[in-house]
Amino acid sequence: MSHSSRRATKATKSKYYKMRLLIGMCLMGLLLFIAVIVAWSEYGASLRRVEVIKMELLELTRSGFRIRNETGAFVFRMIFRTGLLDLESCTKENDVLNCTRTLPGTVNFSLRVEKPRESMICYHLFWRKSIVRHTIEHRMSYSFSFLYGGAENNSQHWPVLVSGVQAPRAFVTADLSAGQPGFGSVLQRYWLSSNGTAVKISESVPFHFGWNASEQQLYFQARYHDTPYKPPPGQQPFPHLRYHVCVGSDITSIHKHMVRSYFGKPTKVPDSNVFSYPLWSTSAFAKSNVTMDALKNHVNDIKSKNFNCSHLVLHDGYTLYYGDFDPDPARFPKVSEEFKTLKDDGFPISLWVHPFINYNSSKFADGVERGLFVRESTGKLPALVRWRNGIGALVDFTNTHARDWYASLLRNLTTEAKVTSFNFVAGEASYLPLTFNTSVRIEDPNTFTQRFAELAFPFSDRAELQVGYHTQNISCFFRILDRTSNWGYGLGLKSVIPLVLTLGILGYPFVQIGTIGGNVPQSLTDRRPDRELYIRWLELAAFMPAMEFSVAPWEYDDNVVKIAKKFTALHLALVAPMVLELANEVLFTGDPIIRPLWWIAPDEPPAYKVSSQFLIGEDFMVAPILEPGKRERDIYLPSGKWRSNRDHIYSRTPRLMTDYEVELDEVAYFTRVT
């Protein structure tokens, strides 16, 4: 073959090989393209499959979940703020969903469904990340609904009213009267919505609470860094968030379920005298310098004016130093004999007590020597803290010996000084120092409040507690944060009904609203509340479970005395029997005694916003005047047939009555009739 022929053959073969290679590459490209299309289609289908996971009425997405009610309307929404849930990692078995991944990272996530009864469904959610110094945050939207519950606070509204943005902070009890930031002396990790939903945060969570009013969101956060919470012994500080969301047909039924499922209940009814007769406090005429002579003069005045008495309340300052326990012998000579005489005469004594032993107290050295106080972080020295009445040590109520020591001092007052009961105050967790050491490790600072409150058990017949956290089982009166003498919502008269309603929703039915008229600042020469304010406060108190005078009616004029006698008599004859009957029912139901209007009218939207009226039980409604200079008010009547205290019948309901006349010596109230 010639050289030119060989070259032509070689060129032909090369061209053939190139064509085969090109065809192969095209085929491979086509196959790859087909594979990509198939994979993309399958991926898209998988995304569509796990874009939403449905659990009964709940729809779970990567960024949160929302729940419908039985009518199909969305009534609850939660947003995950610290990681998107990888739904492809989720597996479902029966009524439990478990997921293992977030974007990015791993997670221990579970969602369990429970149907406790017909037309009610609950979801139990758990989220845990095994990362130190990690924060878990979920945000609950409350758009288009009204919220109730949470905590006592300075400016109490009904429904809950928040403003601005509050970064999440530890949800622990705080003494707001001492200017401490926080959430109040009584709180519960529980919120209730007008759309028939409720959420309860578990007690094991290192829980921080905040909000954004403009976005209408509540912040539920868990963390162990920059916080007073501690992880359980031997465990890493890995945060977790666990909560329960229940949805029902209406707000009343869902609340009843939550109370029966998660709250304790009182085991007995306090002394009937506390419900029937007024308490008389020394706080107005001798706040911190009360003497036996002043006390006896006060008793003589009560008797001469023909008023009854449940018991006398000695405000703080009856000892020489805070923490002494025994009344100052210079001001209370023959205290045992004198207190016994008063008790026999119908004026038993109750003393204010607190967890502080000031450094100058006679009990301080004994407590230090026996190791009975909360200690600083090294555990060697007592942790001295500043409180509203000086500097002192806190009794370590996790210490069995310290509890027994404190309880023995109280018992000694009952046996030796003939004291009948006690008012327990200033047990807020916020008084604990930033770093501290206790006999038994405190993981949640609210444990301090619980242990202090439990000291009231032996004295519950007439005892009062001003702090509470999961202490609904203590069968005594809970006293609201002291009000100041003003008409407004900021610790004033208008805040009383919202606060009593809030405590009732949190599981505390036996509420004492404090002194009639509120506290007047000590800087003022005239320690009396405004006369009209005093009268309107007195009228409201007459329809509460208990009444307390500090400023006496005769400090004003004969007409005020006449009005006081009228309403103390009305309280004894009309209100106390109703309240006592309801009090006995509370032992089984946990329902509040003082109830909001929506309790009997869950289908009436106006009832959710009424903050100046309330129910005693289900058939008795009260509408006091809470504005200065007013002799009329608007009154909302829920569905039903109502008879007024003037014996007028109203059957065309529900309705809003405008400018209903109420004189200065009157309160409008109505009884539901059949």
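Each remark here, short or long, concerns the structure printed above.
Sequence positions are assigned chain by chain, starting from 1 and proceeding in written order. Given that this is a predicted model, residues contribute local features only at a pLDDT of at least 70 and side-chain atom pairs are listed and counted only at 80 or more, while totals for whole chains, interfaces and linings are drawn from all residues. Each side-chain value is derived from all of the structure's non-hydrogen atoms; neither hydrogens nor water enter the calculation.

### Some words on the overall build of the protein
Of regular secondary structure, the protein possesses eleven helices and 36 strands. Overall, the protein is about 145 × 70 × 45 Å in size when its C-alpha atoms are taken along their principal axes. Exposure is judged per residue with a 1.4 Å probe applied to protein chains only, and the accessible area is read against the type maximum: over 50% gives exposed, under 20% gives buried, and values in between give partly exposed. The buried share among the 674 residues of the protein stands at 56%. Of the contacts formed within the protein by residues at least 6 apart in sequence, a portion of 66% connects residues at least 24 apart. Every helix listed is a DSSP run of H or I at least four residues long, and every strand listed is a run of E at least two residues long, numbered separately from the N terminus. Note on contacts: a residue pair is in contact if any heavy atoms of the two residues lie within 4.5 Å.

### Quick notes on a negative patch on the surface
Taken together, the side chains of E632, D634, D659, E661, E663 and D665 define an acidic patch exposed on the protein surface. Every element with two or more residues in the negative patch is listed here: β32 (632-637) and β35 (655-661). On the secondary structure map, D659 appears in strand β35. The residues that make up patches have over 30% relative accessible area and no salt bridge, and they are joined within 9 Å when like-charged or within 5 Å when they are Val, Leu, Ile, Met, Phe, Trp or Tyr. Computed with a 1.4 Å probe, the accessible areas rest on the Shrake-Rupley method; for each residue, only the protein chains presented here act as cover. The term salt bridge refers to a side-chain nitrogen of Lys or Arg lying within 4 Å of a carboxyl oxygen of Asp or Glu. The convention is simple: Lys and Arg are positive, Asp and Glu are negative, and His and the chain ends are not counted. Note that the charge is assigned to NZ on lysines, CZ on arginines, CG on aspartates and CD on glutamates.

### So, the pattern of salt bridges
Counted according to the given criterion, the structure contains 29 salt bridges. The residue E548 makes a salt bridge to R479 at a minimum N-O spacing of 2.6 Å. Residue E548 is found in strand β28 (residues 548-549), and its partner R479 is found in strand β26 (residues 477-479); the two are separated by 69 residues along the sequence. Exposure class is identical for E548 and R479. Each is buried. In this structure, a network of salt bridges that share partners links the residues E464, R479, D482 and E548.

### Examining unusual backbone geometry
Only a minority of non-glycine residues have a phi that is not negative, and only a minority of peptide bonds are not trans. Residue W158 is joined to P159 through a cis peptide bond whose omega torsion reads 0 degrees. Mapped onto the fold, P159 is located in the loop between β11 (147-151) and β12 (165-170). Put simply, T653 and P654 share a cis peptide bond, and its omega is 0 degrees. Locating P654 in the fold gives a position in the loop between β34 (649-650) and β35. A positive phi angle is found at E56, which is not glycine, with a value near 55 degrees. With respect to the secondary-structure elements, E56 resides in the loop between β1 (53-55) and β2 (58-61). Its relative accessible area of 45% is what places E56 among the partly exposed residues. Phi at L491 takes a positive value of approximately 65 degrees, unusual for a residue other than glycine. Among the structural elements, L491 can be located in the loop between β26 and α9 (496-505).

### A word on the side chain of D328
Among the secondary structure elements, D328 is positioned in the loop between β19 (312-314) and α5 (335-344). Residue classification places D328 among the buried positions, given a relative accessible area of 8%. Polar contact is the term for a pair of N or O atoms within 3.5 Å; when the atoms are in protein, one must be able to donate a hydrogen and the other to accept it, and sequence-neighboring residues count only if both atoms are side-chain atoms. Within the local environment of D328, its side chain forms a polar contact with the backbone nitrogen of A330, the two atoms lying 3.1 Å apart. With sequence-adjacent residues up to four places away left out, D328 is seen in contact with Y318, T319 and L320.

### Structural notes on the sheet that holds strand β18 (residues 279-281)
Within the open sheet, the eight strands sit side by side as β27-β26-β25-β24-β20-β19-β18-β28. Their pairing is parallel. Because the sheet does not close on itself, it has two edges, and the strands there are β27 (511-512) and β28. When DSSP finds at least two bridges between two strands, those strands are taken to pair. Of the pairings in the sheet, the one linking β18 to β28 comprises two bridges and is parallel in character. The residue of β28 that forms the bridge with L279 is E548. Here an angle of 0 to 180 degrees is reported between the N-to-C directions of two axes, which are lines fitted to C-alpha atoms, with helices fitted over the stretch in contact. Along the sheet, helix α4 (residues 292-304) contacts β18, β19 and β20 (349-353); its crossing angle with β19, the most-contacted strand, is approximately 155 degrees.

### Some points on the environment of T502
Its location among the elements puts T502 in helix α9. Expressed as a C-alpha distance, the spacing of T502 and G150, which sit 352 residues apart in the sequence, is 8.0 Å.

### Topic: the nonpolar core
A general trend in soluble globular proteins is that nonpolar side chains are found buried together. Counting 160 residues, the largest nonpolar core has F424 and F543 as its most contacted members. It is helix α11 (residues 558-589) that provides the largest number of residues to this core, a total of eleven residues. Not counting residues up to four positions away in its chain, the partners in contact with F424 are V353, L410, F452, L455, A456, F459, A463, E464, L465 and Q466. Nonpolar core, defined: a set of buried Ala, Val, Leu, Ile, Met, Phe, Trp, Tyr and Cys residues in which side-chain atoms within 4.5 Å join the residues together. Counting residues in hydrophobic clusters, the runner-up holds 53 residues, among them F76, L85, C99 and A222.

### Digging into the pairing of strand β36 (residues 668-673)
Pairing of strand β31 (residues 620-623) with β36 involves four bridges; the strand directions are antiparallel. Each residue of the ladder has a partner; that of V622, found in β36, is Y669. The sheet contact formed by strand β33 (residues 641-644) and β36 spans four bridges and is antiparallel. Bridge assignment links W642 to a residue of β36, and that residue is R672.

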